Amino acid sequence: MIQAFTRALAQLTDRSILAILLKVVLLTILLFLLFGVAAYFGLVWLFAQLGWEGGGFAAAAAAAIIAILTGLLLFRIVAIFVLNIFSDDIVDAVERRYYPDWAEAARPPGYALGIKMGLASTGRALGYNILAAPLYALLLVTGIGVPIAFFAVNGLLLGRDLQDMVAARHVRDYQNLKAEWSLSKGPRFILGLIAALLLAIPFVNFLAPVLAAAMATHLVHRRRT
């Protein structure tokens, strides 16, 4: 795990990885900006329906607050969705440097499958966190219980997502990703937990998706060798 992390960190200086990182960051920010714009026009329309003329400033302020709060709460979900779109480029860069034989044998899944996997990941993240919401509420009194439960739930989800990003290049049947290219439960959970923790750290969270995908590539291939 430590070697996978240090190799992933070192490869951030590669031009190919830097280019992918830039695309991931820009698209993630763009999605939040688009959400903010949509919230603004939605609020302007709502204020007009309520007969509140001249509510443009209030709508802009409310939309900005909504966009910021959404970014804080949903950054992990949006970032992983975006990562799925570009995950093949990241895995390919790592494989070409460290696992050239597998890189040559790989069959890129394409952006369509990446979007499909991203939507599936988003659905799981929203669904499981909604199901866990009562647990989060019960643990509020403990002070530390909520973040522990949150990171545990999202660590489990992220570990699976990251593993599947690597497998998608080498498995022809998307439904059999887990069966043929599966990390053991312990390393998969630790991988996901590291990714969840990195995604929670301001500024580092922009690097986290690329780092996590590179780590997953090393862990999956090391298990298969």
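Thresholds, definitions, all that
- Residues numbered from 1 in each chain as written.
- Predicted model: local features only at pLDDT ≥ 70, side-chain atom pairs only at ≥ 80, totals over all residues.
- Heavy atoms only, no water.
- Salt bridge = Lys/Arg side-chain N within 4 Å of Asp/Glu carboxyl O.
- Helix = DSSP H or I, 4+ residues; strand = E, 2+ residues; numbered from the N terminus.
- Buried < 20%, exposed > 50% of the residue type's maximum accessible area, 1.4 Å probe, protein only.
- Axes fitted to C-alpha atoms, helices over the stretch in contact; angles between N-to-C directions.
- Parallel < 35°, antiparallel > 145°, perpendicular 65-115°, else oblique.
- Left-handed = near helix turned anticlockwise from the far one by under 90°.
- Contact = heavy atoms within 4.5 Å.
- Nonpolar A, V, L, I, M, F, W, Y, C, P; charged D, E, K, R; others polar.

Draft legend 1. Here's a closer look at the pattern of salt bridges. Taken as a whole and assessed by the stated rule, the structure comprises nine salt bridges. D92 is the salt-bridge partner of R96, the closest N and O atoms lying 3.1 Å from each other. Here R96 and its partner D92 are both found in helix 3 (residues 56-98), four residues apart, which amounts to about one turn of the helix. By relative accessible area, R96 is classed as partly exposed at 47%. Among the ionic contacts, a cluster of salt bridges with common partners joins D88, D92, E95, R96, E104 and R169.

Draft legend 2. How the structure looks around the packing of helix 5 (residues 110-138) against helix 6 (residues 145-167). Relative orientation of the contacting elements helix 5 and helix 6 amounts to 160 degrees, with a least axis distance of 10 Å. Between helix 5 and helix 6, the angle falls in the class roughly antiparallel. Considering only the axes of helix 5 and helix 6, their crossing is right-handed. The residues of helix 6 that touch helix 5, namely those facing M117, S121, R124, A125, Y128, N129, A132, L135 and Y136, are V146, A149, F150, V153, N154, L157, R160, D161, D164 and M165.

Draft legend 3. Main features of the packing of helix 6 against helix 8 (residues 185-199). It is at 7 Å that the axes of helix 6 and helix 8 come closest, and there the two elements cross at 110 degrees. Here helix 6 lies roughly perpendicular to helix 8, going by the angle between them. The two elements helix 6 and helix 8 meet at a crossing, and its hand is right-handed. In this structure, helix 6 uses F151, A152, N154, G155, L156, L158, G159, R160, L162 and Q163 to contact helix 8, whose residues at the interface are R188, F189, L191, G192, L193, A195, A196, L197 and L199. Taken together, the residues of the contact of helix 6 with helix 8 sort by class into twelve nonpolar, five polar and two charged.

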